[in-house]
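Given next are the chains, with one letter for each unit.
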Amino acid sequence: MGTYFMIGKYTGESIKDISADRTDRSLRLIKQLGGEVQSIHALLGGVDCVLVVELPDNAVAMKASLGLSLLTGISFTTHPAVSIEDFDNIIGKK
């Protein structure tokens, strides 16, 4: 499983359907794809929301990103992430 940051930007359409039910459907979608949502945050500024999710691989991350966009109308960019400990091991500085 890998960690992914899913950065969301609301669209005019996506704001109309904001609800706890839509959030629950989004959580179910991630789970159906074999993932787990670690956290979701609403933000102020140029980014509207961030999801931190665990997903099996990049192909599933692409499905999740597109699936959430279709479900919510939110435009997502998805970024794979590694812990700083793993990063240190990768670059051989540990």
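Residues numbered from 1 in each chain as written. Predicted model: local features only at pLDDT ≥ 70, side-chain atom pairs only at ≥ 80, totals over all residues. Heavy atoms only, no water.

## With respect to the overall build of the protein
Secondary structure assignment for the protein yields 4 helices and 4 strands. Tracing the protein from N to C terminus, the helices and strands come up as β-α-α-β-β-α-β-α. Along the longest, intermediate and shortest principal axes, the C-alpha atoms of the protein span 50 × 30 × 20 Å. Of the contacts formed within the protein by residues at least 6 apart in sequence, a portion of 66% connects residues at least 24 apart. The protein carries 9 positive and 11 negative side-chain charges, and their two centres are separated by 3 Å. (Helix = DSSP H or I, 4+ residues; strand = E, 2+ residues; numbered from the N terminus. Contact = heavy atoms within 4.5 Å. Lys, Arg positive; Asp, Glu negative; His and termini not counted. Charge placed at Lys NZ, Arg CZ, Asp CG, Glu CD.)

## Points about the confidence of the model for the protein
Chain-level pLDDT for the protein is 94 on average; 98% of the residues reach the 70-or-more range. Per-element confidence in the protein ranges from a low mean pLDDT of 89 for helix H1 (residues 12–16) to a high of 98 for strand E3 (residues 49–55). (pLDDT = per-residue confidence, 0-100.)

## Quick notes on the packing of helix H2 (residues 20–32) against helix H3 (residues 58–72)
Where H2 contacts H3, the axes come no closer than 10 Å and their chain directions differ by 160°. Looking at the two axes, H2 sits roughly antiparallel to H3. Between H2 and H3 lies a crossing whose hand is right-handed. Where H2 abuts H3, its residues Arg22, Arg25, Ser26, Leu29 and Ile30 lie against Ala64, Gly67, Leu68, Leu71 and Thr72. Looking at the contact of H2 with H3, its residues break down into 5 nonpolar, 3 polar and 2 charged. (Axes fitted to C-alpha atoms, helices over the stretch in contact; angles between N-to-C directions. Parallel < 35°, antiparallel > 145°, perpendicular 65-115°, else oblique. Left-handed = near helix turned anticlockwise from the far one by under 90°. Nonpolar A, V, L, I, M, F, W, Y, C, P; charged D, E, K, R; others polar.)

## Thoughts on the pairing of E3
Each regular strand shows side chains that alternate between the opposite faces of the sheet. Of all 7 residues in E3, 7 are buried; the element is thus mostly enclosed. A two-sided burial pattern is seen for E3, the buried positions comprising Cys49, Leu51, Val53 and Leu55 on one face and Val50, Val52 and Glu54 on the other. The pairing of strand E1 (residues 2–9) with E3 spans 7 bridges and is antiparallel. Paired with Gly2 across the two strands is Leu55, which belongs to E3. With 6 bridges joining them, strand E2 (residues 36–42) and E3 adopt antiparallel strand pairing. Across the sheet, Ser39 pairs through a bridge with Val52, a residue of E3. (Buried < 20%, exposed > 50% of the residue type's maximum accessible area, 1.4 Å probe, protein only. Pairing = 2+ DSSP bridges.)

## Brief notes about the pairing of E1
Residues of E1 alternate between two faces, with Gly2, Tyr4, Met6 and Gly8 buried on one and Thr3, Phe5, Ile7 and Lys9 left unburied on the opposite face. Sheet topology note: the E1/strand E4 (residues 75–81) ladder contains 7 bridges and is antiparallel. Across the sheet, Met6 pairs through a bridge with Thr78, a residue of E4.

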